[in-house]
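Structure assessment
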Amino acid sequence: MHDCALALIFLLLSIMTEEFLHYIWETKQFLHEDLCTSSGGLLSVIHPGAHNFYSGPDFFNAQLKINEQLWAGNVEIHIRSSDWNRHAHTHDPAYDNVILHVVYEHDAEVKKCNGDEMPTLVLNGRIPDQLVASYFSMRNSKEKIACGRAGKDTALRIARETMLSRALIDRLARKTDEMKFLLAQLNGDWEEFFYRLVLHSFGMKVNADPMRQLGNIIPHRLLLKYRDAIFRMEALLFGASGLLTVEEDEYAGKLQKEFSFLQKVHGLGSMEKHAWKFMRLRPNNFPTLRIAQAAAFFGKHEKPFRSCIETNDPEMLRKVFDVKASGYWNDHYRFGVKSRTYEKCTGKNSAEILLINVIVPLKFLYGKSKKEEKYSEEAISLLEKITAEKNSVVEKYRKEEWEINSAADSQSVLELKRNYCDRKKCLDCEVGRKMLYS
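Residues numbered from 1 in each chain as written. Predicted model: local features only at pLDDT ≥ 70, side-chain atom pairs only at ≥ 80, totals over all residues. Heavy atoms only, no water.

Our focus in this paragraph is the pattern of salt bridges. For the coordinates displayed, the defined rule picks out 25 salt bridges. For Glu161, the salt bridge goes to Arg157, with nearest N and O atoms at 3.1 Å. Taken together, the residues span about one helical turn, with Glu161 and Arg157 both in helix 5 (residues 154–185) at a distance of 4 residues. The class of Arg157 is partly exposed, set by a relative accessible area of 38%. The partner of Lys425 in a salt bridge is Asp428, with the nearest N and O atoms 3.6 Å apart. Relative accessible area serves as the criterion here: at 24%, Lys425 is assigned to the partly exposed category. Put simply, Glu19, Arg139, Lys425 and Asp428 are held in one network by salt bridges that share partners. (Salt bridge = Lys/Arg side-chain N within 4 Å of Asp/Glu carboxyl O. Helix = DSSP H or I, 4+ residues; strand = E, 2+ residues; numbered from the N terminus. Buried < 20%, exposed > 50% of the residue type's maximum accessible area, 1.4 Å probe, protein only.)

Take a look at the structure:
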């Protein structure tokens, strides 16, 4: 064999992935002419089987014909035949029903547990060069979106729409799976659950964790006792947060005095001030102001969960979250520091963030939990009625000619980037699969 041919084989082996071989086998994208096993048995693939994403053989219930003998069983795929021995499959009962070993390079004979030779299909030389070149071009691309500018081709546009729909459901399912644990901890108390989610969202990414801690110290049912007095609600939340700077501010001193009384009555703890972050935040996102706005929200609504779950009009929901902090915050963003005077309202952007991050997954989870699909469908419908988010990820996809018109689209591309593009899972993506042939 020529040196250049050997060099090419070694190069392909060094970059070959089982993921790619799985795709080639599953879609039967290999040359079938004169197909045979490594020992010369005539081979015909009737059905490649069902892809197994868990432990055990790679494909279940495949159907083959070897030398006119019909076989039904499992298929295992490796880059090299010797991987079978290296993974100790010979003595693993889970692999007793493997009827074919599919490899890229046949470098060792493989035996079944009974000592018989394992039929082996070698794919080296049977995969079209175009597929190999396209796949490794995408996989090794340094671009954040490996498939690049796919253009206006109808098939690719349909593939994009398919992936956006799939990614959106994946995102909602993932978010609600993460939320189920908290709901279980709260014994299925949806109002308390809603309260914790809202606090978490008011904290945004930077202060989400301390907001979660704050919700643990001051539960909704306690805050609700003082709903008729915003001052007492602020005293509870700010006192428990550890953010009161009584030496610098008269109002903070009054809040601290009130909190000291309530703390004794209810046996409350408090957080450390350093848990909260102010650095590199715009003043409108300072945790002090966000806590004040959260107090205003729960002071305005006694049981907001029910009204939010039964509403699917984005304008009405925006109004639910349209609150302004108490008068002190008109000229403050944090205690002891004066600011320009104006009412510190949540605003449309903050309200939409709450709709996207709280109301939508809440509706989706509620529908699944109660087996009432109308709520899950409303969650998706609500996202479709909200304007697309503005961030660097969305802009990147727009530059690659993806149509992103609603929050449903922007949430989809965020999930697509997280689970497919960043991980170069091009073969699990409809767009990536289409691009293999472009």
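That covers the picture; the talk isn't over yet.
On to helix 7 (residues 208–217), then. Of all the positions in helix 7, only Ala208, Pro210, Met211, Leu214 and Gly215 are classed as buried. Along helix 7, the residues classed as buried sweep out an arc of 165° about the axis, all on the same side. Summarising the contacts, the buried residues of helix 7 are in contact with helix 6 (190–202), helix 9 (230–241) and helix 11 (287–300). (Arc of directions from axis to C-beta. Contact = heavy atoms within 4.5 Å.)

So, about the nonpolar core. In terms of nonpolar packing, the biggest core is built from 77 residues, with Phe194, Ile218 and Phe321 touching the most fellow members. If one sorts the elements of this core by residue count, helix 14 (residues 347–370) sits on top with 11 residues. Beyond its immediate sequence surroundings of up to four residues, Ile218 is in contact with Tyr195, Leu223, Leu236, Leu237, Ala240 and Leu268. Formed by 54 residues, the second largest nonpolar core is a distinct cluster that contains Ile99, Cys147, Ala159 and Val393. (Core = buried A, V, L, I, M, F, W, Y, C linked by side-chain atoms within 4.5 Å.)

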